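Fold and contact review
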Amino acid sequence: MNYAIIETGGKQYKVTEGQVISVERLEAEEGGSVQLDKVLFLADGENITVGKPLVEGAKVMATVKENGKGDKIIVFKYKSKVRYRRKNGHRQQFTSLSIDKILPAGAEYVKPAKKAARRKKTEEKVEEQANGA
């Protein structure tokens, strides 16, 4: 099993390829690509790499699925006998990431072709076949 432990937003996450995780808000647009280079641990089948504290050159490539806000949390402060009551709400911002590839040190990432580009190529082939036939 191929997995990595990464750090982002002051928290650590165990990730595998194809997994969708929710992390603290990142400055990236939806549909954009993110490179997470704070890799603490890599496991690739039987090969294990432990960082000291980080694995040099290792990266995790991810795609931003969504930027949003979590559920509202009510913060209620209360002191008895002194009529002190304060009510606040808070919604934590998050970024939802889809893990594309876990790259060990020295590996290069080749981004897959977008669906629209692939669809356009297949449409061109169909037109060529229709015109040629």
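Described in the following lines is the structure provided in the data block.

The rules behind the values
Residues numbered from 1 in each chain as written. Predicted model: local features only at pLDDT ≥ 70, side-chain atom pairs only at ≥ 80, totals over all residues. Heavy atoms only, no water. Pairing = 2+ DSSP bridges. Helix = DSSP H or I, 4+ residues; strand = E, 2+ residues; numbered from the N terminus. Axes fitted to C-alpha atoms, helices over the stretch in contact; angles between N-to-C directions. Buried < 20%, exposed > 50% of the residue type's maximum accessible area, 1.4 Å probe, protein only. Phe/Tyr/Trp six-rings, centres within 6.5 Å; stacked < 30°, edge-to-face > 60°. Lys NZ or Arg CZ within 6 Å of the ring centre and 35° of its normal.

1. Some words on the sheet that holds strand β1 (residues 2-8)
Backbone hydrogen bonds hold the strands of a sheet together, and the pairing may be parallel or antiparallel. One open sheet accounts for four strands, arranged β2-β1-β5-β6; its pairing is antiparallel. Unpaired on one side and paired on the other, β2 (11-16) and β6 (47-50) mark the two borders of the sheet. On average, each strand axis in the sheet is inclined to that of its neighbour by 15 degrees, with strand direction left out of account. Sheet topology note: the strand β5 (residues 39-44)/β6 ladder contains four bridges and is antiparallel.

2. Topic: the pairing of strand β10 (residues 93-103)
Within β10, eight of the 11 residues are buried, which leaves it mostly tucked inside the rest of the structure. Pairing of strand β3 (residues 20-24) with β10 involves five bridges; the strand directions are antiparallel. Residue I21 lies in a different strand from β10, and its bridge partner there is L97. Examined bridge by bridge, strand β7 (residues 59-69) and β10 share 10 bridges and lie antiparallel to one another. Residue pairing in the sheet places M61 in a bridge with K101 of β10.

3. Quick look at the packing of aromatic side chains
Working definition: an aromatic ring pair is given by the centre-to-centre distance plus the angle between the planes. Scanning the model with the defined rule gives one aromatic pair in all. The aromatic ring of Y3 is capped on one face by K14, whose charged end is 4.5 Å from the ring centroid. Geometry around Y84 places K79 over its ring, the cationic atom sitting 5.3 Å from the centre.

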